[in-house]
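Structure at a glance
Take a look at the letters that make up each chain.
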Amino acid sequence: MADHPLAGEHHPSPASSAATALGPLLLLPSELLHEILLRLAVPELIRVRSVARPLSGLISSPDFRRLYHLSSASSGPGPAAAWLLLFKKLPPRDAAIRGFHGPSGRWFRIPVSAILAPAVPPGEDLYFLAASGSSFLFAANGRRELVIVDLTARAARRLPPSPLGPRGTSSWRRFGLKLVADPPGSNGFRFLFAELVNNTPFLFEYRSETDTWQQSEAVLAEGAAPAAPDGTCLCAAHAGPDCVMVYSGPGADDRPVFFRPRFPNAAAAAAAAGHGDRLRVYGDGSAAVVRSAAIDDPTSRTRVKVVTGVELYGFGAVGGDWELVASVPGELVEGFRKPYAVMTGLLAEREGVVRLVLISNCRGAWDLVWLSYDRARGDWRWVPVPDLGGSKGLNMAGIAVSSTFSRLWPLAAPAPASSSSQPPVS
């Protein structure tokens, strides 16, 4: 499936023609017009606003934005309030973020090459680490540094080296990092990552407001204590069923603590891990265990794996062990049960909704599985993700889930339809 162009790509269309074409739409009752606009993806809303001046005021109004966000949040654990973002580097001159919007079932293209150009030299090897709000974080392998892209400002800049010094892309572990818009809805951000330094867990934090890093040595958690809703929990290290989790409370003076939660029946899990049939994915204080079985593939006459079950774990208190939260129903597993050779994953949670993305490869073809779980409703959903224009040979360099992408708009005042300098999303 081809992705759809965004407003950042110029498509000449006189404003008068757009207004004429929208004439019948503007005659609709306001309630019906709102209902139509609420069904559009964020990129589509921004594009409509940039070419249709009669609707610009409505779409940019605080009341409509509030209604749109409420509509997204009330849709449950589906993808309405979250985006699946993938960095594709093929060809290099056309490096772009592809964003999948579940309700529309489409991929959108977010061009970033022109934004990155002033901060990244030609030929640099980039890897997409994380996204939050309008901020997209990349790791540059050649220069061994971090680059932040601000979509609303159409600007990119390099971050100062962390206290650990310059780092290549292989040094960054997805389970141990997090990008947070701070304050929410602004262009400011915090970037946190946990790491073992001389076998001691540390938490490192960068704040855009001060352009500085802070580091804190984590201390062993004594007993079990409730986790604050706004706290941060990262995986500093993991091997088989064992992991080291680092937790930091929301207070500026809260010192991070670390603990080593164990899974139920840890001995049996450790034995099974030796057979390679369990993948563990960590994120935001949760863990997903993906169980697989090896089968013979008659097509390739090779041994492959298929997913047989997915379990979600959490801990009731900082310092406690993993507890089973829920298992994906068997009928959902059957829906995405495909052979694979290798698999990795991404796990994120926001506002009580856990989102799990499984990325697998079989004979050069990539496959994406997107699951979500609403804690309050106890409801699992599988979000089918269409093929991104030929999954074989896909030059994928990083993937992320962002539930704050819908808060990107309104951007700066829309440019006239005859201008080529439009916002980078549509």
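The structure reproduced in this document is the subject of the present report. (Residues numbered from 1 in each chain as written. Predicted model: local features only at pLDDT ≥ 70, side-chain atom pairs only at ≥ 80, totals over all residues. Heavy atoms only, no water.)

Thoughts on the pattern of salt bridges
- A complete count under the given rule lists 19 salt bridges for this structure.
- In this structure, Glu145 and Arg158 form a salt bridge, with 3.3 Å as the shortest nitrogen-oxygen distance. With Glu145 in strand β6 (residues 145–150) and Arg158 in strand β7 (residues 155–158), this pair connects stretches of sequence that are 13 residues apart.
- Glu145 sits in the buried class, given a relative accessible area of 17%.
- On the basis of relative accessible area, Arg158 is assigned to the partly exposed category, the value being 38%.
- Linking Arg303 and Asp296 is a salt bridge whose minimum nitrogen-to-oxygen distance equals 3.1 Å.
- For Arg303, a relative accessible area of 55% corresponds to the exposed category.
- A single network of salt bridges, built from pairs that share partners, joins Asp182, Arg190, Glu205 and Arg207. (Salt bridge = Lys/Arg side-chain N within 4 Å of Asp/Glu carboxyl O. Helix = DSSP H or I, 4+ residues; strand = E, 2+ residues; numbered from the N terminus. Buried < 20%, exposed > 50% of the residue type's maximum accessible area, 1.4 Å probe, protein only.)

As for the pairing of strand β2 (residues 96–101)
- The buried fraction of β2 is high, at six of six residues.
- Of the two faces of β2, the one carrying Ala96, Arg98 and Phe100 and the one carrying Ile97, Gly99 and His101 are both buried.
- Note that strand β1 (residues 83–88) and β2 share five bridges and pair antiparallel. In the sheet register, Leu86 faces β2, and the bridge partner there is Arg98.
- Where β2 and strand β3 (residues 106–111) come together, six bridges link them in antiparallel fashion. (Pairing = 2+ DSSP bridges.)

Looking at the packing of aromatic side chains
- Scanning the model with the defined rule gives 23 aromatic pairs in all.
- Ring centres of Phe128 and Phe138 lie 5.4 Å apart, and the angle between their planes is 40 degrees; on these two criteria the pair is classed as tilted. You can see Phe128 sitting in strand β4 (residues 126–132) and its partner Phe138 sitting in strand β5 (residues 135–140), a full 10 residues away along the chain. Neither Phe128 nor Phe138 differs from the other in exposure class; each is buried.
- Centre to centre, the rings of Phe315 and Trp322 are 5.3 Å apart; their planes meet at 55 degrees, and the pair counts as tilted. Trp322 carries the same exposure label as Phe315, and that label is buried.
- Put simply, the rings of Trp172, Phe189, Phe191, Phe193, Phe202, Phe204, Tyr206 and Trp213 pair up and form one aromatic cluster.
- Between the NZ or CZ atom of Arg167 and the centre of the ring of Trp172, over which it lies, the distance is 4.5 Å. (Phe/Tyr/Trp six-rings, centres within 6.5 Å; stacked < 30°, edge-to-face > 60°. Lys NZ or Arg CZ within 6 Å of the ring centre and 35° of its normal.)

Focus on the sheet that holds strand β17 (residues 286–297)
- An order of β16-β17-β18-β19 is seen for the four strands of this open sheet, with the pairing classed as antiparallel. Edge positions in the sheet fall to β16 (278–283) and β19 (323–327), since each of these pairs with one other strand and no more. Averaged over neighbouring strand pairs, the angle between their axes works out to 35 degrees when direction is ignored.
- Pairing of β17 with strand β18 (residues 302–314) involves 12 bridges; the strand directions are antiparallel. Paired with Val290 across the strands is Val310, a residue of β18. (Axes fitted to C-alpha atoms, helices over the stretch in contact; angles between N-to-C directions.)

A closer look at the state of the cysteines
- On inspection of all chains with the given rule, the structure shows zero disulfides.
- Cysteine Cys233 is unpaired, with the sulfur of Cys235 as its nearest cysteine sulfur at 8.6 Å.
- Considering cysteine sulfurs only, Cys243 is the nearest to Cys235, which forms no disulfide, with 5.2 Å between them.
- Residue Cys235 is classed as buried on the basis of its relative accessible area, which comes to 1%. (Disulfide = S-S within 2.5 Å.)

Things to note about the environment of Ser134
- The topology assignment puts Ser134 in the loop between β4 and β5.
- Between the C-alpha atom of Ser134 and that of Ser402, which follows or precedes it by 268 residues, the distance is 9.9 Å.

What to know about the sheet that holds β3
- On the basis of which strands lie adjacent, the open sheet formed by four strands has the order β3-β2-β1-β24 and antiparallel pairing. Taken across any chain shown, the strands that pair with only one partner, and hence form the sheet edges, are β3 and β24 (396–402). Adjacent strand axes in the sheet meet at a mean angle of 25 degrees when their direction is disregarded.
- Examined bridge by bridge, β1 and β24 share five bridges and lie antiparallel to one another. Across the sheet, residue Leu85 finds its bridge partner in β24, namely Ala400.

Focus on the packing of helix α3 (residues 30–38) against helix α5 (residues 53–60)
- It is at 12 Å that the axes of α3 and α5 come closest, and there the two elements cross at 80 degrees. In terms of their interaxial angle, α3 and α5 are classed as roughly perpendicular. Only Leu55, Leu58 and Ile59 of α5 make contact with α3, whose side of the interface consists of Leu33, His34 and Leu37. (Parallel < 35°, antiparallel > 145°, perpendicular 65-115°, else oblique. Contact = heavy atoms within 4.5 Å.)

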